[in-house]
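What follows is the residue order along each chain.
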Amino acid sequence: MGRYALRRVAGLLPVLAVMIVLCFVAIKLVPGDPVMVLLSDQSGDVELEARLRADYGLDQPFIVQFGRYLAGLAVGDFGYSFRYANVPVSEIIGTSLAITPILALAALTLAVPTGIVFGTFAALRRNRAADIITVFLVVAGISIPNFALSAMFVYLFAIKLDLVPVAGWGSFSQAVLPVLVLAIAPMGYITRLTRTYMLEVLSQDYIRTARAKGLRNRLVIYRHALRNTLVPLLTTIGIIFGGLLSGTFVVETIFNIPGLGRLAIEGIFARDYPVTMAIVMLFTMFYALINLCVDLLYGLIDPRIRLGSDGN
Amino acid sequence: MKRLTTQFAVLFAAITMSSVVHAQTFRTNIPADPAMVDPITYSELVAGDVMGNMYEGFTGIDGDGKVIPALAESWEAHDDNLGFTFHLRPGVKFHSGRPFTANDVKYTLEELLKPGNKGGLNARYLNNIVGADAMKSGEADSLEGVTVGDDLTVDIRFTQPEVLFPIYPIWFMDAGIVDELGADWAQKASAGTGPFKFVAWNRGQDVQLAAHADYWGEGPHVEAVDFIIVPSDDTAISMFEADELDAIYINNAAEGRRILRDPQFADKLIKVPAAQIRYLGMNQNLYEPFKDKRVREAICKAIDRDGMVSGLFGGAAFPLYGQITPGVAGYNPDLPAIPLDVDKAKALLAEAGYEGGANMPPVKVTTTAPNKDEATYFAATLKQVLGMPTEVEVVERASHIKAMNAGEVPFFAWGWSAGYPDALYFLSQVWYGPSVYNRSRWQNDEFDALIEKAQQTADNEARYALYKDAELILMEEWGTCPLTVRMQIAAVQDGVEGVSLTPFRFRPFNTVTMD
């Protein structure tokens, strides 16, 4: 298990290398020019343009720029932001770094248990009114886009009822709405999947055997059925978590949360290459690490899944 | 269950109440983090919103958009017109407590020019000071053309006349700040004389300022200003509705239209034209029919400015009949309107030999994605009304600007924002022959001569008269097709007084009072 984990971590390095090359090339290919953004209404000042290009190393050939970037990365230097005068990328990202994962984790913490409970609840009442209502709500939750849900919640809870602030970051009350908005779609997915898996598991022979043994219903559901439902669910939760991490930008913008998503959008619009690069790298690492964690967790939940050939 | 709900409600109420800031903090929105908060590298709009409250120049702008003396009480032009003697306001104190003197003026100008300091937007105003080149190249470490007389007198000489120097927005800073706080002082404090001083900048969240108790002018009446960073105007409007913001500035056109229509905001809005001209650029070198004045006039008369204002802009604009915006010194309110006149437009085109668009080669109105609707209106109108074979071309912004500066775009709708409140900014940059920003390459010797004369005329009224003549030539020649002026929209809560908009966004908040 330990060796397997180590091998997987080592496997991340080539992924990161390919990503850095792809991203660096892609950013250069996007139309736009950071220097023109900086010049604003001095776009015709040739002298100033040359100075700015030299300041940011943009006067060098592509391969030199890339080489310099790699050399910087090797010593942990992500360079300086183009938009923010004299500020290193690490400082800009540092303040946002924790916010997006906190947001995603909070949403996941809310979505997973509620999703599993609702899913199980619906599965056990298959085709009865409670099941149909749950399924309807789930479809609604998945279908309404984030921004529409945000607008509805803000209008209702912040403006009309005045229960929570409209936007901002730093207090518990400010986190309520964004976490809720982020949690609803995943909650829907998890409910639907739990219901499906549960129904499948409940029709298995071992469940019938357990019931025939005279085990109490509660024990059958929680010890036997639910545990086997969790394995396929885990993959989905991993994917959802990845989606939450990289998909918070709409919510971050609407609720004024200074997270990575919003920073990425700002970076892209301002053609702030170094900031954009660093954030894409971070997101890639997040995804890779989540996949790794999911794979490792399989073994813990289901001992039948052996990891690595040396396990046998 | 019911008890639990009640407990939650109480909890929520407690949390909400604890997040309310004291009543004497004035809260407003900015759309992004400022790119910087120091006056040397200063180079963008949001930074300007914040820094305008901390830093001041020789002059300021009053509630009506008029230039008023600020750090300079008075000044006189040198006899040779190649310089000014400024008499500084006595008793002005920096945020540090140190007095503002002529040394600080010299220091600021030198810092802006020093190589390696990344002097920003304000450095461009110093190019004609004697010795500026030597400073920029690093040959000199003192600016030759600036002489400190006594504490309150400073003399500035130029290589060519700079009659508008007193109104250039150059923000003066405290020469002692680096000794006191080190090279990274801007992260710790502000070094200005303005009504508010820097407290904190929480990246992505807000920039907090506090009242400068020793401010020389009116106020400040509130204890603090909090610039909350709100990227979405929709969010800003919601925050305003929930009383989380005391005043908002609308940055986006769509939200501007929305708030303008919403009756609940009707008595809370301030509406002021922006210092930004918009025009149709017609490059005669690149499209043969533009060479004929009648064609240019026909195009201008085929466009329905009032219709654009009510339709395209939902009321959030004003029609423009010249190339100087209202509120900018030199604006001529008596210019004749350019009403929609389809018959006249058609007749003019026929006279020029292009009846119904016959013989006209195809042409594209080039623009960027945010202005696509507007360009589509022009193309469709010119096609329908005049039969002119016009299409829309949407391009990326940076390459568009480069191409326009190079004089390579035949037909475009674009704008130009003034950097200071004087019409020379528009006329000398956008329509003066040798200017690189004369993007449609319209050229008229008489116009150019008037602009050159204006650049040497220190007397305001005499200079405005020259602008008037020049603008008339531009319009009589149909060198341009003026379009509209954007309406700046701000909303202010009841009980908050003294917030005002200039053509250049909010005025400093020193006059603001709150219940």
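Since this is a predicted model, take the numbers as computed values, not measurements.

Draft legend 1. Focus on the overall build of chain A. Scanning chain A from terminus to terminus reveals 14 helices and zero strands. Walking chain A from its N terminus toward its C terminus, one meets helices and strands in the order α-α-α-α-α-α-α-α-α-α-α-α-α-α. Over its C-alpha atoms chain A spans a radius of gyration of 24 Å, topping by over 25% the 20 Å that the globule rule assigns to 312 residues. For the C-alpha atoms alone, the extent of chain A along its principal axes is close to 85 × 60 × 30 Å. At a minimum sequence separation of 6, the contacts of chain A that also span at least 24 residues come to 71%.

Draft legend 2. Summary view of the overall build of chain B. Of the regular secondary structure elements, chain B holds 15 helices and 23 strands. Against the globule reference of 24 Å for 515 residues, chain B gives a C-alpha radius of gyration of 25 Å, in line with a compact fold. Projecting the C-alpha coordinates of chain B onto the three principal axes gives extents of approximately 80 × 70 × 40 Å. Per-residue burial for chain B yields a buried fraction of 48% across its 515 residues.

Draft legend 3. A look at the sheet that holds strand β7 (residues 153-157) of chain B. Residues and elements named next belong to chain B. Taken together, the four strands give an open sheet; going across it, the order is β4-β5-β7-β6, and neighbouring strands pair in antiparallel fashion. The sheet terminates laterally at β4 (72-77) and β6 (146-148), the two strands that pair on one side only. Averaged over neighbouring strand pairs, the angle between their axes works out to 20° when direction is ignored. In this structure, β4 lies alongside strand β5 (residues 83-88), joined through five bridges in antiparallel fashion. Residue W75 lies in a different strand from β5, and its bridge partner there is F86. Helix-sheet contacts for helix α3 (residues 102-113) involve β5, β6 and β7, and the interaxial angle to β6 is about 155°.

Draft legend 4. Spatial organisation of the packing of helix α8 (residues 293-302) of chain B against helix α10 (residues 342-351) of chain B. All names here are of chain B. Between α8 and α10, whose axes approach to 8 Å, the crossing angle comes to 160°. Between α8 and α10, the interaxial angle falls into the category roughly antiparallel. Note that α8 runs across α10; the crossing there is left-handed. In this structure, α8 contributes R294, V295, E297, A298, K301 and A302 to the contact, and α10 contributes V342, K344, A345, L348, L349 and E351.

Draft legend 5. Structural view of unusual backbone geometry. All names here are of chain B. For the peptide bond that leads from G219 to P220, omega is -5°, which places it in the cis range. Relative to the helices and strands, P220 resides in the loop between β9 (206-211) and β10 (224-229). Unlike most non-glycine residues, D243 shows phi in positive territory, near 65°. Relative to the helices and strands, D243 is located in the loop between α6 (233-241) and β11 (247-250). The exposure class assigned to D243 is partly exposed, which follows from the 13 C-beta atoms found within 10 Å. Phi is positive for W478, which is not a glycine, with a value near 50°. Of the residues examined, W478 has 22 C-beta atoms within 10 Å and is grouped as buried.

Draft legend 6. Quick look at the interface of chain A and chain B. Chain A puts 36 residues into the contact, and the matching count from chain B is 34 residues. Here the side of chain A that touches chain B is built from residues that sort into 18 nonpolar, eleven polar and seven charged.

Draft legend 7. View of the pairing of β11 of chain B. Residues and elements named next belong to chain B. Burial along β11 is two-sided: A247 and Y249 and I248 and I250, pointing in opposite directions, are all buried. Relative to strand β19 (residues 484-492), β11 runs antiparallel, the two being bridged by four bridges. When the sheet's bridge partners are listed, I250 is paired in β19 with I489.

Draft legend 8. Seen up close, the environment of I338 of chain B. Residue and element names in this part refer to chain B. Tracing the chain through its elements places I338 in the loop between β14 (317-319) and α10. The exposure class assigned to I338 is buried, which follows from the 20 C-beta atoms found within 10 Å. Each C-alpha atom, one on I338 and one on L382, is 16 Å from the other, the two residues being 44 residues apart in sequence. Not counting the four nearest positions on each side in its chain, I338 is found in contact with C300, K301, R305 and Y321.

Draft legend 9. Representation of helix α8 (residues 146-160) of chain A. The terminal C-alpha atoms of α8 of chain A, which comprises 15 residues, lie 20 Å apart, in line with the 21 Å expected from a rise of 1.5 Å per residue. The largest bend along α8 of chain A measures about 30° and falls at V154 of chain A. Within α8 of chain A, the full set of buried residues consists of S150, F153, V154 and A158 of chain A. In this structure, the buried side of α8 of chain A is in contact with α9 (172-202) and α12 (249-254) of chain A together with α6 of chain B. Phi turns positive, to about 55°, at D162 of chain A, one or two residues after α8 of chain A.

Draft legend 10. Quick look at the nonpolar core. Core analysis: the biggest nonpolar cluster contains 219 residues, and A107 of chain A together with I248, A423, F426, L427 and A490 of chain B have the highest contact counts within it. Apart from residues no more than four positions distant in its own chain, I248 of chain B is found in contact with T28, N29, A236, I237, F240, A490 and A491 of chain B.

Draft legend 11. Region of the structure containing the confidence of the model for chain A. With 96% of its residues at a pLDDT of 70 or more, chain A has an overall mean of 84. Helix α4 (residues 62-74) of chain A holds the highest mean pLDDT among the elements of chain A, 90, whereas helix α10 (residues 205-212) of chain A holds the lowest, 80.

Draft legend 12. Up close: the domain arrangement of chain B. All names here are of chain B. By the assigned domains, chain B splits into domain 1 (1-54 + 194-268 + 493-515), domain 2 (55-177) and domain 3 (273-487). Here the C-alpha centre of domain 3 lies 36 Å away from the C-alpha centre of domain 1. Considered class by class, the residues forming the side of domain 1 that touches domain 3 number four nonpolar, one polar and two charged.

Draft legend 13. Examining the domain arrangement of chain A more closely. On domain assignment, one finds that chain A holds domain 1 (2-89) and domain 2 (99-258). On a C-alpha basis, the centroid separation for the pair domain 1 of chain A and domain 2 of chain A is 38 Å.

Draft legend 14. Examining the packing of helix α1 (residues 2-29) of chain A against helix α14 (residues 273-301) of chain A more closely. Residue and element names in this part refer to chain A. Interhelical geometry of α1 versus α14 gives an angle of 150° and a closest axis separation of 10 Å. With respect to α14, the axis of α1 lies roughly antiparallel. The element α1 and its partner α14 pack so that their crossing is right-handed. Contacts between α1 and α14 pair A5, R8, L12, V15, L16, M19, I20, C23, F24 and I27 from the former with Y273, T276, M277, V280, M281, T284, A288, L292, D295 and L296 from the latter.

Draft legend 15. Representation of the pairing of strand β16 (residues 390-394) of chain B. All names here are of chain B. Sheet analysis places strand β15 (residues 363-367) next to β16, joined by five bridges and oriented parallel. From the neighbouring strand, V365 faces β16, where its bridge partner is V392. You can see the chain leave β15, run along helix α11 (residues 372-386) and come back into β16, and the turn it takes is right-handed.

Draft legend 16. Examining α10 of chain B more closely. Residue and element names in this part refer to chain B. Those residues of α10 not exposed but buried are A345, L348 and L349. Down the axis of α10, the smallest arc covering the buried residues is 95°, so these residues share one side. As for α10, its buried residues are in contact with α8 and α11. The first or second residue beyond α10 is G353, which carries a positive phi of 95°.

Conventions used here
Residues numbered from 1 in each chain as written. Chains lettered and ligands numbered in written order. Predicted model: local features only at pLDDT ≥ 70, side-chain atom pairs only at ≥ 80, totals over all residues. Helix = DSSP H or I, 4+ residues; strand = E, 2+ residues; numbered from the N terminus. Rg over C-alpha atoms; globule rule 2.2 N^0.38 Å. Contact = placed C-beta atoms within 7 Å. Buried ≥ 20, exposed ≤ 12 C-beta atoms within 10 Å, placed from the backbone. Pairing = 2+ DSSP bridges. Axes fitted to C-alpha atoms, helices over the stretch in contact; angles between N-to-C directions. Parallel < 35°, antiparallel > 145°, perpendicular 65-115°, else oblique. Left-handed = near helix turned anticlockwise from the far one by under 90°. Nonpolar A, V, L, I, M, F, W, Y, C, P; charged D, E, K, R; others polar. Expected span 1.5 Å × (residues − 1). Bend = angle between axes of the 7 residues up to and from the residue. Core = buried A, V, L, I, M, F, W, Y, C linked by C-beta atoms within 7 Å. pLDDT = per-residue confidence, 0-100. Domains from an automatic or database assignment. Right-handed = clockwise from strand over helix to strand, strands pointing away. Arc of directions from axis to C-beta.

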